[in-house]
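Commentary on secondary and tertiary structure
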Amino acid sequence: MNTNFEEVKQRFKNADVDEQIRIYTTTEGLTVEQFKELLRMFPIQYLDKLERAMA
């Protein structure tokens, strides 16, 4: 699956935390750098919630 990262990034930026977690955990085909870029936009106070979703 070829993902348009700019589109994903825009959706991620405009999403609420739950939607951001869904995007982060279900989007396929991203590079490590792209995942890091999304993570930099993620509100740090919810990192534990993201970690639980990924477990």
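Every chain is numbered independently, its residues counted from 1 as its sequence is written. The model is predicted, so local features are restricted to residues of pLDDT at least 70 and side-chain atom pairs to those at 80 or more, both for listing and for counting; the totals for chains, interfaces and linings are taken over all residues. Only hydrogens and water are set aside; all other atoms, that is, all heavy atoms of the structure, feed into the side-chain values.

Glancing now at the packing of helix H1 (residues 5-14) against helix H2 (residues 17-26). Viewed as axis vectors pointing N to C, H1 and H2 meet at an angle of 150°, and their least axial separation amounts to 8 Å. In terms of axis orientation, H1 runs roughly antiparallel to H2. Seen from H1, the contacting residues are Val8, Arg11, Phe12 and Lys13; seen from H2, they are Gln20, Arg22, Ile23 and Tyr24. Think of it as three bins: nonpolar holds Ala, Val, Leu, Ile, Met, Phe, Trp, Tyr, Cys and Pro, charged holds Asp, Glu, Lys and Arg, and polar takes everything else, Gly as well. Among the residues forming the contact of H1 with H2, the class breakdown is 4 nonpolar, 1 polar and 3 charged. Interaxial angle, 0 to 180 degrees, is taken between N-to-C directions of lines fitted to C-alpha atoms, where a helix line uses only the stretch in contact. Counting from the N terminus, the helices are DSSP H or I runs at least four residues long and the strands are E runs at least two residues long. Relative orientations are named as follows: roughly parallel for angles under 35 degrees, roughly antiparallel for angles over 145 degrees, roughly perpendicular for angles from 65 to 115 degrees, and oblique for any other angle. Only heavy atoms matter for contacts: two residues are in contact if any of them lie within 4.5 Å across the pair.

Pairing of aromatic rings covers Phe, Tyr and Trp, the last through its six-membered ring, and needs centres within 6.5 Å; plane angles under 30 degrees mean stacked, over 60 mean edge-to-face, and all others mean tilted. One pass over the structure, following the stated rule, counts 1 aromatic pair. Ring centres 5.1 Å apart and planes at 65° place the aromatic pair Tyr24 and Phe35 in the edge-to-face group. In this pair, Tyr24 is assigned in helix H2 and Phe35 in helix H3 (residues 32-41), connecting sequence segments 11 residues apart. The exposure class assigned to Phe35 is partly exposed, which follows from its relative accessible area of 22%. A simple rule labels every residue: compare its accessible area, found with a 1.4 Å probe on the protein chains alone, to the largest value its type can have, and call it buried under 20%, exposed over 50%, or partly exposed in between.

With that out of the way, let us pick up the nonpolar core. Counting 12 residues, the largest nonpolar core is built from Phe5, Val8, Phe12, Ala15, Val17, Ile21, Ile23, Tyr24, Leu30, Leu38, Phe42 and Leu50. Elements that contribute at least two residues to this core include exactly H1 and H2. Sorting elements by how many residues they give to this core places H2 first, with 4 residues. When sequence neighbours within four positions are dropped, the list of residues in contact with Leu38 reads Phe5, Val8, Lys9, Phe12, Tyr24 and Leu30. Nonpolar cores are built from buried Ala, Val, Leu, Ile, Met, Phe, Trp, Tyr and Cys residues. Side-chain atoms within 4.5 Å join them into one set.

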